[in-house]
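Overview (structure and organization)
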Amino acid sequence: MFDLSAHAVVLTGATSNIGRAVIRAYLAQGAHVAIAVRDQAKGEQVRADLGALAGTPADPLVMLLAADPGDRPAMERAVEQVLRAWGRLDVVANLVGGYAASDAAAGDLPAYRASWDQKVATAVTATTACLAPMRARGRGRVVSVSSLAALKGEKAAAGYAMANAALVRWTESLADELKREGVTANCVLPRIIDTPDNRLAMPKADPSRWATPDEIAALIVFLSSDEASGITGAAIPVVART
Ligand SMILES: NC(=O)c1ccc[n+]([C@@H]2O[C@H](COP(=O)([O-])OP(=O)(O)OC[C@H]3O[C@@H](n4cnc5c(N)ncnc54)[C@H](OP(=O)(O)O)[C@@H]3O)[C@@H](O)[C@H]2O)c1
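The structure presented is a predicted model; accordingly, all values stated were derived computationally and were not measured.

Scanning the protein chain from N- to C-terminus turns up 7 helices and 7 strands. Along the protein chain, helices and strands appear, N-terminal first, in the series β-α-β-α-β-α-β-α-β-α-β-α-α-β. Dimensions of the protein chain, computed from C-alpha atoms along their principal axes, come out at roughly 50 × 40 × 30 Å. Counting over 242 residues, the protein chain shows a buried share of 43%. Within the protein chain, contacts between residues at least 6 apart in sequence are counted, and of these 72% link residues at least 24 apart.

As C-alpha cells, this is what we get:
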C-alpha cells in the first residue's frame, strides 16, 4: 500500500482492541513500531502475540517502551530510546481512549476531567514529546484516534464528547502551527468499531455494519505516509456501514 520502510512509529494505546491491527498494518508497510505502555506485562503480551512479525532481539521491529503516555518525562526517555535504537522518529500514533458515560445535566466535572485526562492529556503529552526530532528533520506525522462524538454531543456522553472534540481542536491548532515544517497532524473519527467489547455491549446489533479494526488501521497508515503530505488539520469520520 504505502512504503514506510524503516520509518519509526511511536504508538500509544497498543493494548487496545484496535492496537494489534494498527501495529500489524504498520509492520506490513515496513515500519518499525515502538509501543509506549503503562502496563509492561500487557505490552509484552502484545509483542509476544505478534510472534516473528515483532523481529528478533538483535533486530527488533517492535520495541517496548515502559512509559505512560500521560507522563512527559517518561515519554521523553522513551523517545531517546527510539532515537538510540533506530536513529529516527517519523510518526506518533495516539490510540489511547475508552468510553465512559457522563450526564451533561449532572455537571459531573470529575467525570469530564477523567475523560480529558485519558484522551487529551495522553495525546498532547505523547505527541509533544515526539515533536523535536520530527521538526529537526522537517518531516513528521501525528495521527490521533478521536471519535465521531467529537462532532456532536449526545445524552449521557458529555465528558466523552467534550474530550474528543478538544483533541480535534488541539490537533487543528498543532497542524496550523507546523504546516510549513513538514509535520502534519490529523484525527481519525470512528463511530463504532467491531470489537469484542462492543459485541458484548450491543448483542442485538449487526457488527458487520461497524468499522473493522483493519479499516481504522488502513486510514491511520495512510495518514502516516509520505503520500498524505497534503492532508493536515483534518478530522476524518470512519462511519463504515452504520
Ligand atoms: N471502540 C469503539 O467503538 C470506538 C469508537 C470511537 C472511537 N474509539 C477510540 O478508538 C481508540 C481505540 O479504541 P478501543 O476500543 O480499541 O480501545 P480500548 O480497547 O478500550 O483500549 C483503550 C486503550 O487506552 C489505554 N488507556 C486507557 N486509559 C488510559 C490512560 N488514562 N492512560 C494511558 N493509557 C490509557 C489502554 O491501556 P491499558 O491496557 O493500559 O488499560 C488501552 O491501550 C480509543 O481512542 C477510543 O476512544 C473507539
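Having seen the model, we can carry on.
Below, the discussion takes up the site of the ligand. Inspection of the region around the ligand gives 25 residues, with Thr 15, Ser 16, Asn 17, Gly 97 and Ser 147 positioned closest. Tallied by class, residues from the shell around the ligand come to 8 nonpolar, 13 polar and 4 charged.

Judged by pairing direction, the sheet is parallel, and its 7 strands sit side by side in the order E3-E2-E1-E4-E5-E6-E7 without closing on themselves. Since the sheet does not close on itself, it has two edges, and those belong to strand E3 (62-66) and strand E7 (235-238), each with one partner. In this sheet, adjacent strand axes meet at a mean angle of 20 degrees when their direction is disregarded. In terms of strand pairing, strand E5 (residues 140-145) meets strand E6 (residues 183-190) through 6 bridges, oriented parallel. By the bridge assignment, Arg 141 is partnered in E6 with Thr 184. Strands in contact with helix H2 (residues 40-49) are strand E2 (32-37) and E3; relative to E3, the strand with the most contacts, it is inclined by about 175 degrees. The strands touched by helix H5 (residues 158-178) are E5, E6 and E7; relative to E6, the strand with the most contacts, the crossing angle is about 160 degrees.

A separate point is the packing of helix H3 (residues 72-86) against helix H4 (residues 109-137). Relative orientation of the contacting elements H3 and H4 amounts to 40 degrees, with a least axis distance of 9 Å. Comparing their axes, H4 and H3 come out oblique. When you trace H3 past H4, the crossing you get is right-handed. Contacts from Arg 72, Met 75, Glu 76, Val 79 and Leu 83 in H3 reach Thr 125, Ala 126, Ala 129, Cys 130 and Pro 133 in H4. The residue makeup of the contact of H3 with H4, split by class, is 7 nonpolar, 1 polar and 2 charged.

Bringing the environment of Val 188 into the picture now. Looking at the secondary structure, you find Val 188 in strand E6. Taking C-alpha positions, Val 188 is 7.4 Å from Val 143, a pair spaced 45 residues apart along the chain. Excluding residues that lie within four positions of it along the chain, Val 188 makes contacts with Val 143, Val 145, Ser 146, Ile 216, Leu 219, Ile 220, Ile 236 and Val 238.

Here Ile 236 is to be found in strand E7. Once the C-alpha coordinates of Ile 236 and Ile 35 are considered, the two residues, 201 residues apart in sequence, prove to be 24 Å apart. When neighbours within four sequence positions are excluded, Ile 236 is seen to be in contact with Asn 186, Val 188, Leu 189 and Leu 219.

Each value, and the rule that gives it
Think of each chain on its own: its residues are numbered from 1, step by step along the sequence as written. Restriction of local features to residues with pLDDT of at least 70 applies here, the model being predicted, together with a cutoff of 80 or more for giving and counting side-chain atom pairs; totals for whole chains, interfaces and linings are based on all residues. The helix count covers DSSP runs of H or I at least four residues long, the strand count covers runs of E at least two residues long, and both are numbered beginning at the N terminus. Any residue with 12 or fewer other C-beta atoms within 10 Å of its own C-beta is exposed, any with 20 or more is buried, and the rest are partly exposed; the C-beta atoms used are placed from the backbone. By the criterion used throughout, residues are in contact when their C-beta atoms, derived from the backbone, lie within 7 Å. Here, nearness means that the C-beta atom of a residue, built from backbone geometry, sits within 6 Å of the molecule or strand in question. Under the convention adopted here, Pro, Cys and the residues Ala, Val, Leu, Ile, Met, Phe, Trp and Tyr are nonpolar, Asp, Glu, Lys and Arg are charged, and Gly plus all remaining residues are polar. Strands are treated as partners if at least two bridges between them are detected by DSSP. Orientation is described by axes fitted as lines to C-alpha atoms, over the contacting stretch for helices, and by angles from 0 to 180 degrees between their N-to-C directions. An angle below 35 degrees is read as roughly parallel, one above 145 as roughly antiparallel, one from 65 to 115 as roughly perpendicular, and any other as oblique. For a crossing to be left-handed, the near helix must be turned anticlockwise from the far one by less than a right angle; the clockwise case is right-handed.

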